[in-house]
Amino acid sequence: MDRVRFDHSQLAEVAKNIVKNAEHKVLCLHGPMGVGKTTLVKALLMVLGASDSGNSPTFGIVNEYHHNNGKLLAYHFDCYRLEDEMEAYDLGFEEYLAKNVWVFIEWPEKITGLLPLGLTDIFLELEPDFSRSLQLKNP
């Protein structure tokens, strides 16, 4: 997918396009602090029909979300505070991946050795006019 530039008012449409174009349910979100990774996850959860609007799992590392029908929908990992991959491994990271649900991973570079082969990368950047740009890369 080509790089897409957007502002906050276009976030729902961007999220719909990601869901439509991602070849895998494991989405790795790359970008600097404050670029909008968690905000994008919230928009993705809304598009997917989550019963909760979502928040950053920075202090709990992982949040679990359910669909409006009660079924498990997604996991959201924020790996920023992890010191090494063993911390994610000890949390049972591989078990989370074994479920057929969406998995959103912020700061995936902290756990590269644990990431599956089947994933979609999303690269976010802050533009000079404070809009954002996004590029989705399937393997």
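Treat the numbers as computed from the prediction; the structure is a model and nothing was measured.

Engineer: Could you give an account of helix 2 (residues 37–48), with specific residues and numbers?
Structural biologist: Here helix 2 spans 16 Å end to end across 12 residues, near enough to the 16 Å set by a 1.5 Å rise per residue. Buried within helix 2 are the following residues: Lys37, Thr38, Leu40, Val41, Ala43, Leu44, Leu45 and Leu48.

Engineer: Kindly report on the environment of Val47, identifying the contributing residues and their values.
Structural biologist: Locating Val47 in the fold gives a position in helix 2. As for Val47 and Val19, which are separated by 28 residues in sequence, their C-alpha atoms are 8.2 Å apart. Those residues within four positions of Val47 in sequence are excluded, and the remaining contacts are Ala12, Ala15, Lys16 and Val19.

Engineer: Can you tell me about helix 1 (residues 11–21), naming the residues and giving the values?
Structural biologist: The set of residues buried in helix 1 consists of Leu11, Val14, Ala15 and Ile18. Viewed end-on, helix 1 has its buried residues packed into an arc of 100°, placing them on one side of the element. Next to the buried residues of helix 1 lie strand 1 (4–6), strand 2 (26–30), helix 2, strand 6 (120–126) and strand 7 (132–137).

Engineer: Break down the packing of helix 1 against helix 2 for me, citing the residues and quoting the values.
Structural biologist: At their nearest, the axes of helix 1 and helix 2 sit 9 Å apart, and the two run at 70° to each other. Relative to helix 2, the element helix 1 is oriented roughly perpendicular. Packed against helix 1, whose contacting residues are Leu11, Ala12, Val14, Ala15, Lys16, Ile18 and Val19, the element helix 2 presents Thr39, Leu40, Ala43, Leu44, Met46, Val47 and Leu48 at the interface. Taken together, the residues that form the contact of helix 1 with helix 2 break down as 12 nonpolar, one polar and one charged.

Engineer: Provide a residue-level description of the environment of Lys16, including the pertinent values.
Structural biologist: Note that Lys16 resides in helix 1. What makes Lys16 partly exposed here is its relative accessible area of 45%. Spatially, the C-alpha atom of Lys16 lies 9.6 Å from that of Met46, the residues being 30 residues apart in sequence.

Engineer: Can you explain the pattern of salt bridges? Please cite residues and give values.
Structural biologist: Taken as a whole and assessed by the stated rule, the structure comprises three salt bridges. For Arg5, the salt bridge goes to Glu127, with nearest N and O atoms at 3.9 Å. Residue Arg5 is found in strand 1, and its partner Glu127 is found in the loop between strand 6 and strand 7; the two are separated by 122 residues along the sequence. Close ionic contact of Asp129 with Arg5 constitutes a salt bridge, the shortest N to O distance being 3.2 Å. Of this pair, Asp129 sits in the loop between strand 6 and strand 7 while Arg5 sits in strand 1, placing them 124 residues apart in sequence. When its relative accessible area of 48% is taken as the criterion, Arg5 is described as partly exposed. One network of salt bridges, in which partners are shared, links Arg5, Glu127 and Asp129.

What counts, and where the lines are drawn
- Residues numbered from 1 in each chain as written.
- Predicted model: local features only at pLDDT ≥ 70, side-chain atom pairs only at ≥ 80, totals over all residues.
- Heavy atoms only, no water.
- Helix = DSSP H or I, 4+ residues; strand = E, 2+ residues; numbered from the N terminus.
- Expected span 1.5 Å × (residues − 1).
- Buried < 20%, exposed > 50% of the residue type's maximum accessible area, 1.4 Å probe, protein only.
- Contact = heavy atoms within 4.5 Å.
- Arc of directions from axis to C-beta.
- Axes fitted to C-alpha atoms, helices over the stretch in contact; angles between N-to-C directions.
- Parallel < 35°, antiparallel > 145°, perpendicular 65-115°, else oblique.
- Nonpolar A, V, L, I, M, F, W, Y, C, P; charged D, E, K, R; others polar.
- Salt bridge = Lys/Arg side-chain N within 4 Å of Asp/Glu carboxyl O.

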